[in-house]
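Inside the fold
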Amino acid sequence: MSVATSSRKASFDVVIIGAGFTGLYQLWSLRRLGLRVLAVDAASGVGGTWYWNCYPGARTDSPSNIYQYWFSDELLDEWNWTQRYAGQAESERYFNHVADRFELRKDIRLNTRVESAVWNEDASQWTLTTDQGDALEARFVVTALGPLSAPVVPPFVGHESFAGRMVHTARWPREGIDLKGKRVGVIGTGATGIQVIQSIAPEVAHLSVFQRTANYAVPMSNPSYGDAERAAIRAKYPQTREAIWTTFVGFDEQGETRPYFSIPVEERRAILERLWSDGSLRIWVAGFMEIFFDQAASDEISEFVREKIRVRIRDPKVAAKLVPQDHGFGTRRVPLENGYFEAYNRPNVDLIDLRETPIERITPKGILTSAGEIELDVIVLATGFDAGTGGLTGIDIRGRDGRSLRQEWKREVRTTMGLQIHGYPNLFTTSAPYAPAAAFCNAPTCLQHQVQWITDCIDHLVKNQRRVIEPAAETEQKWLAHHDELAAMTLVAKTKSWYTGARGYEGFEVA
Ligand code: NA7
């Protein structure tokens with residue numbers, strides 16, 4: 001049961017917006033300080049990403065022994081992951097278990113979307129209004145909106161004219177959609193599109209994949225776990241817990257320390273083979289750091305991955321379209337896959353390369369590209385999210401002197417370490433832009449780190465009777481300059497992707 005809402009006005013020490021991975025942990029942490037805390041979520045269940053993304057094939061790309069909370073040994077002992085990479089249903093069950101186990105639900109208000117948050121200078125507090133008519137007063141606000149929670153629906157001409165069913169993957173109906181025997185089009189081949197495509201290809205009558213940018217992907221090895229495997233994993237929890245805080249992106253391995261080109265070519269190849277056969281993201285984030293910095297190393301490693309992909313696709317013309325050529329391996333988010341490239345060997349699957357034949361419009365019957373109309377019963381939009389910013393700008397946030405975050409971020413996105421924003425006192429943000437942890441980090445590790453920092457900060461303020469905290473403009477400026485200086489050294493910053501906030505950049509998006 002969530003909090004009863006008979007009175008629409010209520011006061012709290014902290015209101016947390018979001019009851020997903022971050023929000024649940026933030027609620028648990030702040031409640032332990034003895035504070036009055038409320039978490040609010042638009043969904044009808046907890047779990048955030050794992051509540052909303054119930055499309056076919058949805059699964060984590062982080063191993064279950066890492067994609068979890070570390071704050072409770074009892075929880076670590078009692079929760080039994082059934083496989084290396086948990087599917088959406090298992091992840092959602094985990095968050096529901098956490099909410100029950102730690103009696104979090106009594107301080108969670110579901111089915112409630114925060115519409116605005118206004119800072120009151122005289123009272124040094126925030127007032128939040130919701131779509132349920134609440135006015136929630138809070139000294140501190142923590143946004144736990146997730147980096148990828150505001151789905152992007154590209155403004156294709158004729159969008160509303162489609163007579164079939166059109167659905168974004170992050171708004172997949174919880175009762176599912178029967179795709180058997182249907183003609184389905186999937187737009188988008190990021191991590192989500194890849195999972196959908198490989199999952200539905202065998203069941204649909206025909207699948208048309210609309211690809212704008214070809215993606216690298218690594219084959220996932222996803223063994224089931226029995227008691228023996230779980231015992232072995234649990235025995236390593238103390239080391240794992242230690243390791244994730246110290247590695248490059250929050251996984252449990254650091255990777256090669258020797259410079260890439262100091263290693264003989266045969267040995268380099270052998271290391272890449274070993275990393276590849278692990279069936280995980282190790283080859284990306286626990287292999288060679290040079291893929292992020294050194295063009296020559298990036299070229300060699302990218303070619304290794306291209307070879308691996310190419311041999312799995314029967315038709316060389318299709319392979320030429322599916323094998324990425326325009327960016328280096330690992331400069332965009334690398335998905336794991338399971339039979340994705342083989343899906344294109346099926347007679348019922350077609351690849352439409354939007355760089356050759358762009359989408360002109362959506363029609364009542366399907367999608368019209370420059371090569372003609374493709375008739376469809378269902379269009380699946382796997383077109384991603386307004387990453388980092390979308391959750392925050394979806395709320396009308398008014399800081400000191402009535403300034404609007406939405407308006408300010410239209411001009412320039414700014415934060416101080418992704419944790420606070422100048423002009424918005426007592427507002428703490430998680431998974432926000434410019435955090436060291438914003439995107440290029442295993443989210444669960446870095447989000448837990450952010451929650452711990454915010455908890456310590458609020459604890460400090462309360463204990464020391466300090467009412468307000470806000471980064472100074474000069475501090476923010478220094479942080480942004482430091483961030484940009486480091487980012488500019490990477491190949492990631494030179495590549496268009498949701499990491500760098502790029503969207504609709506190919507010039508053929510029909511607005
Ligand atoms: P992504 O990775 O942002 O992928 C979105 C996909 O949709 C990508 O292939 C885009 O092509 C494509 N897209 C977006 N807009 C258009 C238009 N207008 N026309 C054609 N194609 C389009 O989102 P995902 O949901 O797959 O993954 C998000 C993260 O969730 C993932 O990285 C994991 O961390 C979990 P593009 O590549 O931009 O050319």
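Residues numbered from 1 in each chain as written. Predicted model: local features only at pLDDT ≥ 70, side-chain atom pairs only at ≥ 80, totals over all residues. Heavy atoms only, no water.

**Points about the sheet that holds strand β14 (residues 366-369)**
As summarised here, the arrangement of the three strands in space is β13-β14-β15, forming an open sheet in which the pairing is antiparallel. At either margin of the open sheet sits one strand with a lone partner, and together these are β13 (359-362) and β15 (372-375). Across this sheet, the average inter-strand angle for adjacent strands is 25°, counted without regard to direction. Relative to β14, β13 is paired through three bridges, and the arrangement is antiparallel. By the bridge assignment, Ile362 is partnered in β14 with Ile367. (Pairing = 2+ DSSP bridges. Helix = DSSP H or I, 4+ residues; strand = E, 2+ residues; numbered from the N terminus. Axes fitted to C-alpha atoms, helices over the stretch in contact; angles between N-to-C directions.)

**Some thoughts on empty space enclosed by the protein**
Applying the stated criterion to the full structure yields four cavities of 30 Å³ or more. Residue lining of the largest cavity: Ser64, Trp79, Trp81, Tyr225, Arg230, Ile233, Arg234 and Tyr237, and that is the complete set. The greatest single-element share of the lining of the largest cavity, amounting to three residues, is contributed by helix α6 (residues 227-235). Class assignment for the residues of the lining of the largest cavity results in five nonpolar, one polar and two charged. (1 Å grid on protein atoms, 1.4 Å probe; cavity = no way out; pocket = protein on both sides within 12 Å on 5 of 7 lines; lining within 4 Å. Points joined across faces, edges and corners; volume = space filled by probe spheres on them. Nonpolar A, V, L, I, M, F, W, Y, C, P; charged D, E, K, R; others polar.)

**Some thoughts on helix α5 (residues 191-200)**
For α5, the tally of buried residues reaches eight of 10 residues, placing the bulk of the element in the interior. Restricting attention to buried positions, one finds in α5 the residues Thr192, Gly193, Ile194, Gln195, Val196, Ile197, Gln198 and Ile200. Where α5 is buried, its residues contact β8 (183-187), β9 (206-211), β11 (336-337), α12 (340-343) and β16 (378-381). (Buried < 20%, exposed > 50% of the residue type's maximum accessible area, 1.4 Å probe, protein only. Contact = heavy atoms within 4.5 Å.)

**As for the sheet that holds strand β12 (residues 349-353)**
Here five strands make up an open sheet; going across it, the order is β7-β16-β8-β9-β12 and the pairing parallel. In this open sheet, the two strands that pair with only one neighbour each are β7 (165-168) and β12. Shown here is a sheet whose adjacent strand axes are inclined to one another by a mean of 20°, direction ignored. Bridging between β8 and β16 involves four bridges; their strand directions are parallel. When the bridges of β16 are listed, Gly185 appears paired with Ile379. Seen against the sheet, α5 touches β8, β9 and β16 and runs at an angle of roughly 160° to β8.

**Digging into helix α4 (residues 88-101)**
The end-to-end C-alpha separation of α4 is 20 Å, in line with the 20 Å expected for 14 residues at 1.5 Å each. All buried positions along α4 are accounted for by Gln88, Glu90, Ser91, Glu92, Tyr94, Phe95, Val98 and Ala99. At the C-terminal side of α4, Glu103 shows a positive phi close to 50°. (Expected span 1.5 Å × (residues − 1).)

**Some details on the packing of α6 against helix α7 (residues 237-244)**
Running from N to C, α6 and α7 cross one another at 55°; their axes reach a closest spacing of 5 Å. The angle between α6 and α7 places the two elements in the oblique class. Only Tyr237, Pro238 and Gln239 of α7 make contact with α6, whose side of the interface consists of Ile233, Arg234 and Ala235. In terms of residue class, the contact of α6 with α7 is built from four nonpolar, one polar and one charged. (Parallel < 35°, antiparallel > 145°, perpendicular 65-115°, else oblique.)

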